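Understanding the architecture of this molecule
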Amino acid sequence: MIIDFHVHCFNDELAAKAVPQLAKCANIPARLDGTILSLKESMKKAGVDKSVVLSIATKPSQTEKINNWTALIQDDNIIGFGSIHPENENWKEELLRLKENGIKGIKLHPDYQKFFVDDKKMYPIYEVAIELGLIIIFHAGVDIGLPEPYHATPERLRRVIDDFPGGKFVAAHMGGFSYWDEVEKYLVGTEIYFDTSYSVRFMNEQQVRRIINNHGYKKILFATDSPWGDQSEEVQKIREFSFGYEIESAILGLNARELLGI
């Protein structure tokens with residue numbers, strides 16, 4: 001089973017506006033149009049069995065609407081993660097509703113949502129999410145479409161991990177896009193998963209191998225950041241490392257399957 005742990009989709013109307021705007025802002029081409037239909041076509045072509053769709057509430061008022069859509073898109077191939085905006089007054093009720101609807105996790109983007117990941121104001125949200133057994137995936141490191149400061153650096157993430165032992169945390173972009181030296185310093189060997197989204201192709205091959213070896217391959221999750229990464233190309237990229245069957249199978253799907261409980 002191949003599971004892509006990090007993709008982005010929108011409802012059809014919003015996708016037509018959002019994807020071109022985001023592509024222009026980051027100065028990168030979109031490989032898909034951002035709809036669920038195009039994602040499923042990509043999955044079939046790439047041999048991806050399941051994709052985890054991550055949505056971001058960039059405003060407090062978007063939270064409920066995004067979570068409603070997340071619940072609707074779930075099926076045998078699509079796993080939706082919800083979103084919590086820190087300034088939404090009903091964040092606790094939304095977390096409970098996500099759990100009741102069978103949602104397995106939430107995506108937080110500290111840069112878009114304008115909070116530092118280790119800010120104590122976020123701790124009650126982490127605490128409730130962890131109590132509910134929800135996975136928390138953070139955008140980590142640089143966001144190429146946004147200016148500094150970057151709000152989820154490896155050093156800041158390390159504080160969160162230390163303060164919440166046993167939490168199901170995932171740091172996207174191999175622990176922090178363009179912060180990979182700091183990932184090795186602060187995060188490698190800790191109890192956090194890294195996803196491979198929009199990272200491996202930009203990294204030095206030896207550093208990729210070193211991080212996976214020292215962190216432990218069972219804490220690495222295949223991910224593409226679709227529509228910004230092509231699923232077929234990213235699957236092939238992982239296979240080109242020739243990790244061997246056990247490690248490759250774990251990264252491409254078994255680790256995600258265990259974390260998701262499916």
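Preceding this paragraph is the structure being described.
Residues numbered from 1 in each chain as written. Predicted model: local features only at pLDDT ≥ 70, side-chain atom pairs only at ≥ 80, totals over all residues. Heavy atoms only, no water.

1. Focus on the packing of helix 3 (residues 63–73) against helix 4 (residues 91–100)
For any two helices packed against each other, one specifies the inter-axial angle together with the distance between the axes. At their nearest, the axes of helix 3 and helix 4 sit 11 Å apart, and the two run at 5 degrees to each other. In terms of their interaxial angle, helix 3 and helix 4 are classed as roughly parallel. Residues Thr63, Glu64, Asn67 and Asn68 of helix 3 pack against Glu94, Arg97 and Leu98 of helix 4. Here the contact of helix 3 with helix 4 is built from residues that sort into one nonpolar, three polar and three charged. (Axes fitted to C-alpha atoms, helices over the stretch in contact; angles between N-to-C directions. Helix = DSSP H or I, 4+ residues; strand = E, 2+ residues; numbered from the N terminus. Parallel < 35°, antiparallel > 145°, perpendicular 65-115°, else oblique. Contact = heavy atoms within 4.5 Å. Nonpolar A, V, L, I, M, F, W, Y, C, P; charged D, E, K, R; others polar.)

2. Overview of the pairing of strand 5 (residues 135–138)
Neither face of strand 5 is open: one carries Ile135 and Ile137, the other Ile136 and Phe138, and all of them are buried. Where strand 4 (residues 105–108) and strand 5 come together, four bridges link them in parallel fashion. Its bridge partner being in strand 5, Lys107 is matched across the sheet by Ile137. At this point the chain moves from strand 4, through helix 5 (residues 123–131), to the parallel strand 5, and the crossover so formed is right-handed. As defined by bridge partners, strand 5 adjoins strand 6 (residues 169–171) across three bridges and the pair is classed as parallel. What sits directly across from Phe138, in strand 6, is Ala171. Each parallel crossover has a hand, and for strand 5 linked through helix 6 (residues 154–163) to strand 6 it is right-handed. (Buried < 20%, exposed > 50% of the residue type's maximum accessible area, 1.4 Å probe, protein only. Pairing = 2+ DSSP bridges. Right-handed = clockwise from strand over helix to strand, strands pointing away.)

3. Focus on the pairing of strand 3 (residues 78–83)
Across the six residues of strand 3, six count as buried, placing the element largely inside the fold. On strand 3, burial covers both faces: Ile78, Gly80 and Gly82 on one face and Ile79, Phe81 and Ser83 on the other are all buried. Note on the crossover from strand 3 through helix 4 to strand 4: the handedness is right-handed.

4. A few points about unusual backbone geometry
Among all residues except glycine, the phi angle is most often negative; among peptide bonds, the trans geometry is most common. Cis geometry is found at the peptide bond from Glu148 to Pro149, where omega equals 5 degrees. Relative to the assigned elements, Pro149 resides in the loop between strand 5 and helix 6. Here the residue pair Ser226 and Pro227 is connected by a cis peptide bond, since its omega of 15 degrees sits within 30 degrees of zero. Among the structural elements, Pro227 can be located in the loop between strand 8 (220–221) and helix 9 (231–240). One non-glycine residue with positive phi stands out, namely Tyr198, at about 45 degrees. Note that Tyr198 resides in the loop between strand 7 (193–195) and helix 8 (205–215). The exposure class of Tyr198 is buried, given its relative accessible area of 10%.

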